[in-house]
Amino acid sequence: MTQETKKVSGNPIKIQDNTFRDGHQSIYATRMKTEDMLPIAEEMDNCGFHAMEVWGGATFDTMHRFLGEDPWMRPKILKKYIKKTPFAMLIRGQNLVGYRHYADDVVNAFVDKSCEIGIDVFRCFDALNDFRNMESCARRIKENGKEFQGALCYSLTEVRLGGEVYNLDFFVKKAVELEQMGADAICIKDMAGLLSPFDAYDLVLAIKKAIKLPLHLHCHYTSGMASMTYLKAIEAGVDVVDTCLAPFALRTSMPAIEPIIAALQGTGREPAIDLNKLLVLGEHLENIAPKYNTYLANQKLSIIDNGVLAHQIPGGMISNLTGQLKEMNALDRLGEIYKEVVLTRKEMGCPPLVTPVSQIIGAQAVLNVLFGRYIRVSNQLRDLVLGLYGRTPVPIDPALAKKILKNYKRGEEPIKERPADFLKPEIEAAKEQLGDLARSDEDVLAYILYPATMEKFLREKYDKSLTRGAGDKKNSGKKFAA
Ligand code: CO
């Protein structure tokens, strides 16, 4: 690699550390508690990471649902220990960190609040790569003076980059689109570990040639390729890669940082990060690991998913499929389901297989195999066909769309507008519903995102304090109304 690396010498690769978000989301189902981050937080801050991803994705959901933590608190608490390194979060455009599209008033308030609690970099994506779903979010991030990092969901229709939909041209055009939207940086988001090393080389070169913005690469290790992919992307001149400390790396997580630092020694692209420091930090994670190991998927000896190389289906989706089939006593049909996922996806306009679309396609594939094709159809699939999630990369065949939308109460004719244009403001209505139960704008926003579980969370949180003094209730009621 000497020739390639000479070209970029003096351009150290920057590292975004994802240990505190995507790392434990991937390895431990997002169960890491804030208290277990604190002992190493200050030292993490001293490592010299370009940014640390600490919030977003599934953290908001799991923190209040399973950990009994107020989701807004984590960045606030971490900020007391991590003062130099910018905080990054993953945000699903109009979906924010929830599972549906929210109205623009919710998007604006959520972004404002996220900035207020310390988020500096917003990596924003849309499951369909329909950037209209990121418009409101992007505008608000920029109005707050924070970094809008536009992410492209990497996907494939063949074993390698190319073919009709997901070819080089597709991703370059999408990157240019993001630049035109005002992105401060671009991220290639390879959530299923599909990006192969030599494709990464071509992709990075082509995107770097077409745009002037810093380029990030986020790969999951799932298929076993990601560390090789990073190396080739680094050769091609990528600016930032996402990694985790070794104990929270590999498997379905990101590549580990330690071997990357060792491998880049003397190439001119090695980051100024002290390997020995990382080893000490890794030991802390090893020490707390026994608490969390029940969440580790260890049914298999292999830590990589060879299957994803063949069927391009992400690991999370496979565990959902397996779960559904188990419930229906039909686990023996998994092989058929894999094939059906490919076909259903093609017919549904070839969306990238990422949350929530991956679940919709997966669930429909199961229904198609067990009950006949599109005989039973989920309402989520109808919404997808109706255009409520956005525009699919390839249009859906009108005859099939007609069949699926027949007698659907939300509409029989696919929409062309931005889905959020149909949504009425939500905040005032939620405030009314919650009444005294909410004591802050944070409570209201969290409730809009997660009505059932957040209501329970708020009841538990405030019932305790109510017993201490009724005065609290009155005061916070006023504060909330203002
Ligand atoms: Co990820």
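Residues numbered from 1 in each chain as written. Predicted model: local features only at pLDDT ≥ 70, side-chain atom pairs only at ≥ 80, totals over all residues. Heavy atoms only, no water.

### Topic: the domain arrangement of the chain
You'll often see interface size given as the accessible area lost when the parts meet. Split into domains, the chain comes out as domain 1 (13-295) and domain 2 (313-416). For domain 1 versus domain 2, the separation of C-alpha centres amounts to 27 Å. Taken together, the contact between domain 1 and domain 2 spans 21 residues of the former and 20 residues of the latter. Between domain 1 and domain 2, a total of about 1500 Å² is buried, with carbon and sulfur atoms accounting for 64% of that surface. Among the residues domain 1 hides against domain 2, the three largest losses belong to A127, L128 and R132. Together they make up 36% of the total. Applying the counting criterion to the domain 1 and domain 2 interface returns zero salt bridges. At the junction of domain 1 and domain 2, the tally comes to seven residue pairs in polar contact (both at pLDDT 80 or more). (Domains from an automatic or database assignment. Contact = heavy atoms within 4.5 Å. Buried area = accessible area lost by both parts, 1.4 Å probe. Salt bridge = Lys/Arg side-chain N within 4 Å of Asp/Glu carboxyl O. Polar contact = N/O pair within 3.5 Å; in protein donor to acceptor, adjacent residues only side chain to side chain.)

### Considering empty space enclosed by the protein
Per the counting criterion, the structure on display carries two cavities of 30 Å³ or more. What the largest cavity holds in volume is close to 80 Å³. Lining the largest cavity, in full, are R92, N95, H101, F125, D126, A127, L128, T355, P356, V357 and Y389. Residue composition of the lining of the largest cavity, by class: six nonpolar, three polar and two charged. (1 Å grid on protein atoms, 1.4 Å probe; cavity = no way out; pocket = protein on both sides within 12 Å on 5 of 7 lines; lining within 4 Å. Points joined across faces, edges and corners; volume = space filled by probe spheres on them. Nonpolar A, V, L, I, M, F, W, Y, C, P; charged D, E, K, R; others polar.)

### What about the coordination of the cobalt ion?
Protein coordination of the cobalt ion is provided by D22 (OD), H218 (NE2) and H220 (NE2), with donor distances spanning 2.0 to 2.1 Å. For the cobalt ion, the donor residues sit on a single chain with the sequence spacing D-x195-H-x1-H. Here the residue D22 occupies a position in helix α2 (residues 19-28), and H218 occupies one in strand β7 (residues 215-219), the gap between them amounting to 196 residues. Each member of the pair, D22 together with H218, is buried. (Donors = N, O, S within 2.8 Å, 3.2 Å for Na, K, Ca; no water. Helix = DSSP H or I, 4+ residues; strand = E, 2+ residues; numbered from the N terminus. Buried < 20%, exposed > 50% of the residue type's maximum accessible area, 1.4 Å probe, protein only.)

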